[in-house]
Amino acid sequence: MSHRTVAIYGRSLFTEGLGLLLNERGHLRIVWVDSAKPEALQHLVDLRPDVLILDLQHVSPGTMVELLLQPHNQSILALDLHENQLICLSVHPAAAASVDDVLALFEQMWSQSRGRTGDRNEDDLLTERAVARGQEMA
């Protein structure tokens, strides 16, 4: 079974918690990228995650522009603690207020990209749907 990579840019109590909650749901590889390190942006480019989650409190406007201008196939989501939501900055507009909402958003983004990438099989789709519903695959 393939795992999707979720990169979390910026370390805070909130991003740590979100990463742990997503990790508990399984089938996702969570990678934290320390935004304070000078090589952080290059690390993200090299990592090529399926989803990038940004903590808006830890991203400068210049870095945000650089990230959005990078050629990528991943979706970029921003954690907005002032509004208590996760906002999709690429592909399509969306917001999430719970981990279930985040997983449903992942499923929606990946199902929309299926036609563009063609790299997923039926088992991957069934697994992602089950994960989005909070079920474990045997």
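Here is what the cut-offs are and how they apply
Residues numbered from 1 in each chain as written. Predicted model: local features only at pLDDT ≥ 70, side-chain atom pairs only at ≥ 80, totals over all residues. Heavy atoms only, no water. Helix = DSSP H or I, 4+ residues; strand = E, 2+ residues; numbered from the N terminus. Buried < 20%, exposed > 50% of the residue type's maximum accessible area, 1.4 Å probe, protein only. Polar contact = N/O pair within 3.5 Å; in protein donor to acceptor, adjacent residues only side chain to side chain. Contact = heavy atoms within 4.5 Å. Salt bridge = Lys/Arg side-chain N within 4 Å of Asp/Glu carboxyl O. pLDDT = per-residue confidence, 0-100. Core = buried A, V, L, I, M, F, W, Y, C linked by side-chain atoms within 4.5 Å. Pairing = 2+ DSSP bridges. Lys, Arg positive; Asp, Glu negative; His and termini not counted.

Undergrad: Would you mind going over the side chain of T5 in detail, with residue names and values included?
TA: Assignment of secondary structure puts T5 in strand 1 (residues 4-9). Overall, T5 belongs to the buried group, its relative accessible area being 10%. There is a polar contact of 3.2 Å between the side chain of T5 and the side chain of R29. Setting aside anything within four residues of it in sequence, one finds T5 in contact with R29, V31, L47, P49, D50 and V51.

Undergrad: Before we move on, can you summarise the pattern of salt bridges with the specific residues and values?
TA: In total, this model carries 3 salt bridges according to the counting rule given. Across the pair D50 and R4 runs a salt bridge, and its minimum N-O distance is 3.2 Å. On the criterion of sequence distance, the pair formed by D50 in the loop between helix 2 (40-47) and strand 3 (51-55) and R4 in strand 1 is long-range, its members being 46 residues apart. Of the residues examined, D50 reaches a relative accessible area of 24% and is grouped as partly exposed. Note on R4: relative accessible area 13%, which makes it buried. Close ionic contact of E16 with R11 constitutes a salt bridge, the shortest N to O distance being 2.4 Å.

Undergrad: Please provide a residue-by-residue account of the confidence of the model for the protein chain, values included.
TA: Residues at a pLDDT of 70 or more form 72% of the protein chain, whose mean pLDDT is 75. Taken element by element, the protein chain is modelled with least confidence in helix 5 (residues 122-132), mean pLDDT 51, and with most confidence in strand 2 (residues 28-33), mean pLDDT 91. Segment residues 116-122 is flagged for pLDDT under 50; beyond a separation of four residues in sequence, or across chains, it makes 8 contacts in the model.

Undergrad: Let's hear about the environment of D100: which residues, and what values?
TA: The residue D100 is located in helix 4 (residues 99-117) in this model. Put simply, D100 and L21 are 79 residues apart on the chain and 9.9 Å apart in space, counted from C-alpha to C-alpha.

Undergrad: Account for the nonpolar core, with residues named and values stated.
TA: In terms of nonpolar packing, the biggest core is built from 20 residues, with V6, L22, L28, V51, I53, L77 and F106 touching the most fellow members. Elements with a contribution of two residues or more to this core: strand 1, helix 1 (13-24), strand 2, strand 3, strand 4 (75-80), strand 5 (85-88) and helix 4. If you tally residues by element for this core, the top one is helix 4, at 7 residues. Among all residues touching V51, those that are not within four sequence positions of it are T5, V6, A7, Q74, S75, L77, F106, M109 and W110. In terms of nonpolar packing, the next biggest core, distinct from the first, is built from 14 residues, A40, L41, L54 and M64 among them.

Undergrad: Please give an account of the pairing of strand 3 that cites residues and values.
TA: Within strand 3, 5 of the 5 residues are buried, which leaves the element mostly enclosed by the surrounding structure. Burial along strand 3 is two-sided: the face carrying V51, I53 and D55 and the face carrying L52 and L54 are both buried. One ladder, built from 4 bridges, connects strand 1 with strand 3; its direction is parallel. Bridging from a neighbouring strand, V6 pairs with V51 of strand 3.

Undergrad: Describe in detail the side chain of D80, supporting the description with residues and values.
TA: Tracing the backbone through its elements, the reader meets D80 in strand 4. In this structure, D80 is buried with no salt-bridge partner, the nearest side chain bearing the opposite charge being R11 at 20 Å. When residues no more than four places from it in sequence are discounted, the contact partners of D80 are L56, Q85 and I87.

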